[in-house]
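Chains, contacts and geometry: an overview
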Amino acid sequence: MYKLCIVEDDSEVAFQLQHLLVSQGYQAYVVRALHSLDAALDEIFAQQPHLLLLDLGLPGVDGQVLCRALREKSSVPIIVVTSRNSQLDELMLLTMGADDFVAKPYNPQLLLARIERVLNRVYANSSGTSSILRHKSLVLNLSTCTISHHENAPVTSSTAPSGTSASASANGGASELASASAANTSERNAACSTATLTKNEMKILALLMRNAGVVVPRQRIQEELWQTDEFIDDNTLTVNISHVRQILDRIGAQGAIVTHRGIGYCLV
């Protein structure tokens, strides 16, 4: 499970953000020592987070100074979440080593998508495993852009329990990025059908498999595909989902994606 540190002086905002992250399966720790640079650094490093969410308007230290100090001593990913949203602020923070910049007030689903994208980029293969996602009889290979259906495969899932974010864990055991060599004998001997995916089809399946059993909102899928919270023609996503369904039907995984009208989609 990933641990995220929240550096935010507004206690209500910090609580809401912590609640959002915990509801998605993350550990979320709110940094309290914001009266000085050294105190903030000490508390952050003591927590050893996988990612830092950093506000700029802090009481005892400027967020830009903290960002620069963190980058000098650590490579921990930093997403700046702030109401100081000028292009100059964004440019300065990215130049100082921040990994992303999200302006307040933010869309929670967009923020979650940005967090997941950064974590996947930094940690997805850090344990040396193959880029494989599994859910029941489905196996998604992120390296070859293929989806396979093993007809007699044991019912297992590499995703986290319902209600979690199911982002890949950097700590090995709980990771949903399973090694291909871990497949057992019965699965290797099972009948298997495989199809090649486009980039968008793979992104959709990866997001649904990481959140298996949980309804993924349409907006979050759009943000994953096009990395923007700007308006995207709703029919464009519908067409992409239809293509994924056709592929799953073709390899023998009919009915794997369930539509929740007006909300999103769920892999069952």
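Here is a short report on the structure shown in this document. Predicted, not measured: the structure shown is a model, and the values here were computed from it.

**Section: helix α3 (residues 63–73)**
- Taken together, the buried positions of α3 are Gly 63, Gln 64, Leu 66, Cys 67, Ala 69 and Leu 70.
- Residue Asp 62 occupies the N-cap position of α3, its side-chain oxygen lying 2.8 Å from the main-chain nitrogen of Gln 64.

**As for the sheet that holds strand β2 (residues 27–30)**
- Strands sit in the order β2-β1-β3-β4-β5 across an open sheet of five strands; the sheet is parallel. The open sheet has two edge strands, β2 and β5 (100–103), and neither has a second partner. When the angles between neighbouring strand axes are averaged without regard to direction, this sheet yields 20°.
- Note: strand β4 (residues 78–82) against β5, four bridges, orientation parallel. Bridge assignment links Val 80 to a residue of β5, and that residue is Phe 101.

**Observations regarding the sheet that holds strand β10 (residues 216–217)**
- Reading across the sheet, the three strands line up as β10-β12-β11 and stay open at both edges, with antiparallel pairing between neighbours. Strands at the two margins of the open sheet, each flanked by one partner only, are β10 and β11 (257–260).
- Direction of pairing for β11 relative to strand β12 (residues 264–267): antiparallel, over a ladder of four bridges. If you follow His 260 over to β12, its bridge partner there is Gly 264.
- On top of the sheet, helix α9 (residues 234–250) reaches β11 and β12; it is set at about 150° to β11, its chief contact.

What counts, and where the lines are drawn
- Residues numbered from 1 in each chain as written.
- Predicted model: local features only at pLDDT ≥ 70, side-chain atom pairs only at ≥ 80, totals over all residues.
- Heavy atoms only, no water.
- Buried < 20%, exposed > 50% of the residue type's maximum accessible area, 1.4 Å probe, protein only.
- Helix = DSSP H or I, 4+ residues; strand = E, 2+ residues; numbered from the N terminus.
- Polar contact = N/O pair within 3.5 Å; in protein donor to acceptor, adjacent residues only side chain to side chain.
- Pairing = 2+ DSSP bridges.
- Axes fitted to C-alpha atoms, helices over the stretch in contact; angles between N-to-C directions.
- Contact = heavy atoms within 4.5 Å.

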